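# Structural features, examined
For reference, the chains in residue letters:
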Amino acid sequence: MHLAALLPAAAEKAAASVALARAELFIVLLTATLVLVALARRLRVPYPILLVLGGLALAFVPGLPRVQLDPDLVFIVFLPPILWAAAYFTSLRDFRRNLPAISLLAVGLVFATTLVVGWVAHSIIPGIGWAAAFCLGAIVSPPDTVAATAVLSRIGVPRQVIVVLEGESLVNDASALVLYRTAVAAMVLGSFSAGAALGQFVLVAVLGVVVGLAVGFLIRHGVRLMPEGFGQVAITLLGPYVAWIAAERLHVSAVLACVAGGLYVRQHFSAEVPPLVRMQARSVWEMLIFMLNGIIFMLIGLQLGPLRASLEADSVGRIVRWGLVITAAATA
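First, a word on what this report is: a plain description of the structure on this page. On a predicted model such as this, the values are computed, not experimentally measured, just so you know. (Residues numbered from 1 in each chain as written. Predicted model: local features only at pLDDT ≥ 70, side-chain atom pairs only at ≥ 80, totals over all residues. Heavy atoms only, no water.)

## A short note on the overall build of the chain
Helix and strand counts for the chain stand at 14 helices and 0 strands. Sequence-ordered secondary structure for the chain, helices as α and strands as β, is α-α-α-α-α-α-α-α-α-α-α-α-α-α. Counting all 332 residues of the chain, 38% fall into the buried class. Across the chain, the fraction of contacts at a sequence separation of at least 24, relative to all contacts at a separation of at least 6, is 79%. (Helix = DSSP H or I, 4+ residues; strand = E, 2+ residues; numbered from the N terminus. Buried < 20%, exposed > 50% of the residue type's maximum accessible area, 1.4 Å probe, protein only. Contact = heavy atoms within 4.5 Å.)

What follows is the structure, encoded as structure tokens:
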């Protein structure tokens, strides 16, 4: 009886210890992010590179809690505001002007990269099926907007190229996610239909845009009704999460929902709030995106810890070789 009474207290203590460890890890990651970003500026190198390398280095620190990055956490916490902000800070005029090139890259190039990487993976990795190989291709096919922009801006690439790549990065995730889900369904069901995949892509894309515009419309009018100040900024922070969750519930493209919502709010936000609130909103959003990008790049590097523990010692070299070949195929 006495032992049974102690069990809930022990469980609560263990849960509190885990929460404390996660809070400490967050502080460590944020501190490391600030240090590495400052170092990257001094060394004149793109900060995403140093952040990933810093995460890899932290994976070897003894006593640091092992971090298993949950994909759902990335999708619901990190991705919506990053996509929304990228769309908000994108010029709609430039986006429309370069729409043909953006569409070709976001759909055609992602599809081609998925095929090439899938073929290479199927050729060099023993026992991997076509569906699993194409899953891998869909995962690595969309480039990251922050990393691409940070790298290209350092090497003097023309502004027009950066505009196209930034616009492409807004919608390429939608193409990759549809391809990924199609490949997963092919693994589970053992069949594949190109017509069904194309129809699904069009449907989820169109409905995703509709959801995003609807959420943007609500945000616009919510800002108008809210008293002037940080309450109006807070409503804009809710926008990407509302758009993402609503799209996920309706099984449409949450990526395009966030992009469409961000573009819509950009067109109308200035007319609904005074200049001071716009300045406050920009500062809050830039700080939020900086922190999210920094932590997610560090977390990517920290995944080396769980991966290293799950691999046999003699398989590390082989997997590294596979990774180098697939990276070359994806970037060629």
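## Focus on unusual backbone geometry
The residue His251 is not glycine, and still its phi comes out positive at about 60°. Tracing the backbone shows His251 in the loop between α10 (230-249) and α11 (254-272). By relative accessible area, which is 65% here, His251 ends up exposed.

## Focus: the nonpolar core
If you look at the biggest cluster of nonpolar residues, it comprises 58 residues, and the most contacted ones within it are Leu29, Phe78, Trp244, Phe269, Met298, Leu299 and Leu302. At 11 residues, the largest contribution of residues to this core is made by helix α12 (residues 275-302). Residues Ala121, Ile125, Ile128 and Ala133 belong to the second largest nonpolar core, which totals 6 residues. (Core = buried A, V, L, I, M, F, W, Y, C linked by side-chain atoms within 4.5 Å.)

## Comments concerning helix α3 (residues 71-88)
In a regular helix each residue adds 1.5 Å, so 18 residues correspond to 26 Å; α3 covers 24 Å between its end C-alpha atoms and thus fits that length. Along its length, α3 reaches its greatest deviation from straightness, about 45°, at Leu79, and the proline Pro80 lies no more than four positions downstream. Residues of α3 that are buried: Phe78, Leu79, Pro80, Pro81, Ile82, Leu83, Trp84, Ala85, Ala87 and Tyr88. (Expected span 1.5 Å × (residues − 1). Bend = angle between axes of the 7 residues up to and from the residue.)

## Re the packing of aromatic side chains
Here the structure, examined in full by the defined rule, presents 3 aromatic pairs. Look at Trp130 and Phe134: their rings are 5.7 Å apart centre to centre, the planes differ by 25°, and that puts the pair in the stacked class. You can see Trp130 and its partner Phe134 sitting in helix α6 (residues 130-140), 4 residues apart, about one turn around the helix. An aromatic cluster is built from Tyr88, Phe89 and Phe269, whose rings are joined through pairwise contacts. (Phe/Tyr/Trp six-rings, centres within 6.5 Å; stacked < 30°, edge-to-face > 60°.)

## Focus on a nonpolar patch on the surface
Taken together, Leu198, Val202, Leu203, Val206, Leu207 and Val210 make up a surface patch of nonpolar side chains, about 530 Å² in accessible area. Looking at the element boundaries, Val210 is found in helix α9 (residues 194-225). Classification of Val210 as partly exposed rests on a relative accessible area of 49%. (Patch = residues over 30% accessible without salt bridge, like charges linked within 9 Å, V, L, I, M, F, W, Y side chains within 5 Å. Areas by Shrake-Rupley, 256 points an atom, 1.4 Å probe, with all protein chains shown as cover. Salt bridge = Lys/Arg side-chain N within 4 Å of Asp/Glu carboxyl O.)

## Notes on the packing of α3 against α12
Contact geometry of α3 with α12 gives a least axis separation of 10 Å together with a crossing angle of 135°. Compared by their axis directions, α3 and α12 come out oblique. As for how α3 packs across α12, the hand of that crossing is left-handed. Touching Val74, Val77, Phe78, Pro81, Ile82, Trp84 and Ala85 of α3 are Trp285, Leu288, Ile289, Leu292, Asn293, Ile295, Ile296 and Leu299, all from α12. The residue inventory of the contact of α3 with α12, partitioned by class, reads 14 nonpolar, 1 polar and no charged. (Axes fitted to C-alpha atoms, helices over the stretch in contact; angles between N-to-C directions. Parallel < 35°, antiparallel > 145°, perpendicular 65-115°, else oblique. Left-handed = near helix turned anticlockwise from the far one by under 90°. Nonpolar A, V, L, I, M, F, W, Y, C, P; charged D, E, K, R; others polar.)

## Things to note about the pattern of salt bridges
Going through the model one piece at a time under the given rule, you end up with 4 salt bridges. Ionic pairing is found between Asp94 and Arg97, a salt bridge with its closest N-O pair at 3.0 Å. Residue Asp94 and its partner Arg97 are located together in helix α4 (residues 92-97), separated by 3 residues, close to a single helical turn. Residue Arg220 is joined to Glu272 by a salt bridge in which the shortest nitrogen-to-oxygen separation is 3.1 Å. Remark: Glu272 occurs in helix α11 and Arg220 occurs in helix α9; sequence separation between them is 52 residues.

## As for the packing of α3 against α11
Packed helix pairs are specified by the crossing angle of their axes together with the interaxial distance, meaning the distance between the axes. Viewed as axis vectors pointing N to C, α3 and α11 meet at an angle of 40°, and their least axial separation amounts to 7 Å. Overall, the two elements α3 and α11 adopt an arrangement that is oblique. Relative to α11, α3 is oriented so that their crossing is right-handed. Along its contact with α3, which presents Pro80, Leu83, Trp84, Ala87 and Tyr88, the element α11 presents Val255, Cys258, Val259, Gly261, Gly262, Leu263, Val265, Arg266 and Phe269. Of the residues assigned to the contact of α3 with α11, the class counts are 11 nonpolar, 2 polar and 1 charged.

## Remarks on the side chain of Thr113
Within the fold, Thr113 resides in helix α5 (residues 99-124). Once residues lying within four places of it in the same chain are set aside, the contact partners of Thr113 are Ser141 and Ala330.

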